[in-house]
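The residues making up each chain are set out below.
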Amino acid sequence: MRKKEWSEIVMNTLPEKIANILHTNKKKPVQFQELISKGGYLPPEMDLMVDAISALSMGKNILLKGPTGAGKTKFAETLSHLFNQPMFSVNCSVDLDAESLLGFKTLSYNEGKQEIEFVPGPVTNAMNHGTFLYIDEINMAKPETLPLINGVLDYRRTITNPFTNEIVTAKEDFNVIAAINEGYVGTVPLNEALKNRFIVIEVPYIEGEQLKQLIETNTKLKDARTIELFVKLSGDLIHAVNQGKVAEDAASIRALLDACDLSVLIPPKRAILRSIVDKLDEEREREFVKNLADTLF
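Residues numbered from 1 in each chain as written. Predicted model: local features only at pLDDT ≥ 70, side-chain atom pairs only at ≥ 80, totals over all residues. Heavy atoms only, no water.

J.: In this structure, what is going on with the sheet that holds strand S8 (residues 175-180)? I would like to understand it.
T.: Two modes of strand pairing occur in sheets, parallel and antiparallel, and in both the strands are linked by backbone hydrogen bonds. As summarised here, the arrangement of the five strands in space is S2-S5-S8-S1-S9, forming an open sheet in which the pairing is parallel. Each having just a single partner strand, strand S2 (87-91) and strand S9 (199-202) make up the two edges of the open sheet. Within the sheet, the average angular offset between the axes of one strand and its neighbour, ignoring direction, is 20°. Pairing of strand S1 (residues 62-65) with S8 involves four bridges; the strand directions are parallel. Following the sheet pairing, Leu-63 is matched in S8 by Ala-178. (Pairing = 2+ DSSP bridges. Helix = DSSP H or I, 4+ residues; strand = E, 2+ residues; numbered from the N terminus. Axes fitted to C-alpha atoms, helices over the stretch in contact; angles between N-to-C directions.)

J.: Would you explain the packing of helix H11 (residues 253-262) against helix H12 (residues 268-275) in this entry?
T.: Two numbers describe a pair of packed helices, the interaxial angle and the distance between the axes. Where H11 contacts H12, the two axes come as close as 8 Å, and the packing angle between them is 145°. Between H11 and H12 the crossing geometry is right-handed. Across the interface between the two elements, Ala-255, Asp-258, Ala-259 and Leu-262 of H11 pack against Ala-271, Ile-272, Arg-274 and Ser-275 of H12. (Left-handed = near helix turned anticlockwise from the far one by under 90°. Contact = heavy atoms within 4.5 Å.)

J.: What exactly am I supposed to notice about the environment of Ile-180 here?
T.: Looking at the secondary structure, you find Ile-180 in strand S8. Judged by relative accessible area, which is 4%, Ile-180 ranks as buried. For the pair Ile-180 and Gly-66, spaced 114 residues apart in sequence, the C-alpha separation works out to 6.8 Å. In contact with Ile-180, not counting residues within four places along its chain, are Leu-63, Leu-64, Lys-65, Gly-66, Lys-72, Ile-138, Asn-139 and Leu-190. (Buried < 20%, exposed > 50% of the residue type's maximum accessible area, 1.4 Å probe, protein only.)

J.: In this structure, what is going on with unusual backbone geometry? I would like to understand it.
T.: Backbone phi values are negative for most residues with the exception of glycine, while trans is the configuration of most peptide bonds. Even without a glycine there, the phi angle at Asn-84 is positive, about 55°. Within the secondary structure layout, Asn-84 lies in the loop between helix H4 (72-82) and S2. The class of Asn-84 is partly exposed, set by a relative accessible area of 25%.

J.: Sorry, what's going on with the side chain of Ser-252 here?
T.: Within the secondary structure, Ser-252 is located in the loop between helix H10 (224-242) and H11. Exposure remark for Ser-252: the relative accessible area of 7% places this residue in the buried category. If we skip the residues at most four places from it in the chain, Ser-252 touches Thr-68 and Gly-69.

J.: What's the story with the environment of Asp-278 in this structure? I'm lost.
T.: Among the secondary structure elements, Asp-278 is positioned in the loop between H12 and helix H13 (283-296). By relative accessible area, which is 42% here, Asp-278 ends up partly exposed. Taking the C-alpha atoms as reference, Asp-278 lies 15 Å from Asp-294; in sequence the two are 16 residues apart. A polar atom in the side chain of Asp-278 sits 3.4 Å from the side chain of Arg-274. (Polar contact = N/O pair within 3.5 Å; in protein donor to acceptor, adjacent residues only side chain to side chain.)

J.: Sorry, what's going on with the pattern of salt bridges here?
T.: Two side chains that carry opposite charge are able to pair once their charged atoms sit near each other. Overall, the coordinates contain 13 salt bridges when judged by the stated rule. Between Glu-77 and Lys-74 there is a salt bridge whose closest N-O contact spans 4.0 Å. Here Glu-77 and its partner Lys-74 are both found in helix H4, three residues apart, which amounts to about one turn of the helix. Accessibility expressed as a relative area gives 24% for Glu-77, which makes it partly exposed. (Salt bridge = Lys/Arg side-chain N within 4 Å of Asp/Glu carboxyl O.)

J.: Looking at this model, I keep getting lost on the packing of aromatic side chains. Mind explaining?
T.: How two aromatic rings sit relative to each other is given by the distance of their centres and the angle of their planes. Throughout the structure, instances matching the rule amount to five aromatic pairs. Seen from their ring centres, Phe-32 and Phe-88 are 5.0 Å apart, and the 70° between their planes marks the pair as edge-to-face. With a gap of 56 residues between them, Phe-32 in the loop between helix H2 (16-25) and helix H3 (46-57) and Phe-88 in strand S2 connect regions that are remote in the sequence. Judged by its relative accessible area of 22%, Phe-32 falls in the partly exposed class. Between Phe-230 and Phe-297 the ring centres are 5.0 Å apart and the planes differ by 50°, which places this aromatic pair in the tilted class. With Phe-230 in helix H10 and Phe-297 in the segment after H13, the pair connects residues that are 67 residues apart, well separated along the chain. For Phe-230, a relative accessible area of 0% translates into the label buried. You can call Phe-297 partly exposed: its relative accessible area is 23%. (Phe/Tyr/Trp six-rings, centres within 6.5 Å; stacked < 30°, edge-to-face > 60°.)

J.: How do you make sense of the packing of H10 against H11 when you look at a structure like this?
T.: With their axes 11 Å apart at the nearest point, H10 and H11 run at an angle of 155° to one another. Considering the angle they form, H10 stands roughly antiparallel to H11. For the element pair H10 and H11, the recorded crossing hand is right-handed. Touching Phe-230, Leu-233 and Ser-234 of H10 are Ile-253, Leu-256, Ala-259 and Cys-260, all from H11. (Parallel < 35°, antiparallel > 145°, perpendicular 65-115°, else oblique.)

Honestly, it's all geometry; don't read function into it.
This is the structure in structure tokens:
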């Protein structure tokens, strides 16, 4: 029921032209239906959803850019749900290599005979089946790794698989959604050649009424008074982040939703401790968040 509620909110808010485009481009996949996400993201501004739907419907890649915990992954999952489109995922790290993206060779047996089989990776799977490809924390990858898929991201939509020498051309419905957190340890700036292959969408923190609706539709918390207090807590944390008093992790919407869920069974202050406070590295920041919680709950 909750899924229906948030999707109705989105569909009822979209301009008629964009809703029609979404309806026209909605897929009817036969395979990988388990990779269609449940969604649940309600943007702080509907323009974000309109722009993302518009870009994807025109076959363009989108780059979701914003602070950690702002809901970028949930945004991508919601687009997967709205388009009814399966989505393969890549989680970038310094260890990401060609095999992690494209696949690998392995030994297998066919009628008792040993043979070499190629197991497709998320990039080749998404291309071959015409689905979404989600690349999370794209700037965590080594600079020499991502150029491997430059041809996937531009108008060519092709790549030569170095393991099979096969030229892979993406099917028509293939699209790429990537996410980026800037300024974190281990991240590197995206080079211009890569950045120019994306439409960039800034994803701010969700606040106010949108956050209230997100809590109502994505958590088990139903008490209106407690929901209002969590919305206030989130606003105070975002303000503290903007002032440099705490790290961005403190204002993570994902962590806040976890705290809302836990507060159904344990006291809210302890839920905040487990979901938010204990994730922070500095004692000063932990004390700051605990003091905020003490003033509200």
